[in-house]
Amino acid sequence: MRVALLYPEVYDMARFREERKEFPPFGVLYLAAVCERAGHEVAIEKVTPDRTRLDLTGFDAVGFSLASSATYGFMLRARRQSAIRDDALVMVGGVHCNFYPESSLRDFQAHVATDGESEETILALLDQHRGGSPANVPGILYLDGDQVRRTPRRPLLRDIDALPLPARHLLPREDIVISDRLAGTDLPMAHVMFSRGCPFPCSFCAAGQTRIQYRSGASALTELEHLVEAYGIEGFAIVDDNFIVARRKVGDICDHIAHLRLRWSALSRVDTVDENLVARMARAGCIEIKYGMESGSEQLLKAMRKNTRRAQIKRAVHMANDAGIEAKVFVIHGFPGEDAATTEETVSLLQELGATVSRVSLFRFVPLPGTEVYENADLYGVRGTHLQPDWDGDWEKFHIHHNTRRWWGNDQEWEEIETSHTRLRNFVESGWNAQG
Ligand code: SF4
């Protein structure tokens, strides 16, 4: 079958003011890879706010990847404005769809919405489209007349090593190899994904509370060797939400790839690293660990369910430095309960860390759909979600980039948030030169 997979363009979120390319859409790249391996012909189409009118009449199946809620609106426009054959199978999936599959199914007038990991599901759907029934495909929602039916959940893949390499060849080379993205270097690099999921419960994050699955060291090595050979990379960034959870698995990957002498970076919590592992990562070429510091206020760290402490943040940063690895930190400002005092705690922690931190990325709090805060907005005093009575229909506002919207608090509290955010931003920009 001829299959089109559509994904929304999103921008890298690490810079203060600059819009730049995000990493490739791994969700559709893996789906495309399994479809190609099964003999289907696949095209990947990027949708942007200015590119929503596509001619998809040449395809037997069309899948919309709802990768974020902020891009839901223009993906929906793409569904309404694009030409799709009446007999084509229309599917929706992706992060937003996993949280809200029923509304996604209805809004997109899709035949099916996938629920969770979809590599096996999409193959089964393409097979059944030749004459079966969606009722026999686990892991989906589908419309039966006006009724939405849900089939049993599909268990997570037992072995993600069994997946083919992501189908990067379906994207332009410049979307794969980038040279301004690895820890302040200009090395030609690519992005990779070595694990899926994160078991932690941070209330602001949509990635948590899922079982983490790792690829083996051998599988990671195969992909990197391919990237060196086909794209000439000299470095890579691991995009996994939280790479360092299972130290044995991370160590296995490090030991397998060390001889390639590539430079790389990864994200981590501050409380899952230890000296041994960090030294192993350094030997394997790691030059930057990006830590989710979030705040210098332990009260806020607790409210965020991050449950880390200032001492752990300092220890993790120093541990990286001692191993010769740069430490970058992510900071979130404006979580419910933030005020001038908690902001000063963040400033003071950054002051203490000083030059031991090489880069800082400062974000403003946004209640991302699917998170604990979003689902329990009233409890956190948050307004503006689609689960509340005064929903305005605007999904684009859940954009983590430059978001100045007032999500909670009265006028006075918000004024304090604005003032303290300016104070923190100026402090970060003066110390770290507004870098990403
Ligand atoms: S913020 Fe990091 S540790 Fe927390 S749930 Fe998200 S990915 Fe996991």
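Right above here is the structure, for reference.
1. Brief notes about helix H8 (residues 275-283)
Taken as a whole, H8 has its buried residues at Leu 277, Val 278 and Met 281. Each buried residue of H8 lies within a common arc of 100 degrees when the element is viewed along its axis, so the set occupies one face. Every exposed residue of H8 that faces more than 90 degrees away from the buried side is listed here: Asn 276 and Arg 283. Looking at the buried side of H8, the elements it contacts are helix H7 (247-257), strand E12 (263-268), strand E13 (286-294) and helix H10 (310-322). Its side-chain oxygen placed 3.2 Å from the backbone nitrogen of Asn 276, Asp 274 serves as the N-cap of H8. Gly 285 occupies a position one or two residues after H8 and carries a positive phi of about 105 degrees.

2. A few points about the site of the ligand
Within the structure, the ligand sits among Cys 198, Phe 200, Cys 202, Phe 204, Cys 205, Gly 208, Asp 241, Asn 242, Arg 269 and Lys 306. Here the residues of the shell around the ligand sort into five nonpolar, two polar and three charged.

3. Here we look at the pattern of salt bridges
Applying the stated rule across the entire model yields 33 salt bridges. Between Asp 127 and Arg 130 there is a salt bridge, with its nearest N and O atoms 3.4 Å apart. Among the residues examined, Asp 127 registers a relative accessible area of 47% and is labelled partly exposed. Among the salt bridges present, the one from Arg 280 reaches Asp 255, with a minimum N-O distance of 2.7 Å. Of this pair, Arg 280 sits in helix H8 while Asp 255 is found in helix H7, placing the two residues 25 residues apart along the sequence. A relative accessible area of 45% places Asp 255 in the partly exposed class. When salt bridges with common partners are traced through the structure, they connect Glu 9, Lys 46 and Asp 175 into a single cluster.

Conventions adopted
- Residues numbered from 1 in each chain as written.
- Predicted model: local features only at pLDDT ≥ 70, side-chain atom pairs only at ≥ 80, totals over all residues.
- Heavy atoms only, no water.
- Buried < 20%, exposed > 50% of the residue type's maximum accessible area, 1.4 Å probe, protein only.
- Helix = DSSP H or I, 4+ residues; strand = E, 2+ residues; numbered from the N terminus.
- Arc of directions from axis to C-beta.
- Contact = heavy atoms within 4.5 Å.
- Polar contact = N/O pair within 3.5 Å; in protein donor to acceptor, adjacent residues only side chain to side chain.
- Near = heavy atom within 4 Å.
- Nonpolar A, V, L, I, M, F, W, Y, C, P; charged D, E, K, R; others polar.
- Salt bridge = Lys/Arg side-chain N within 4 Å of Asp/Glu carboxyl O.

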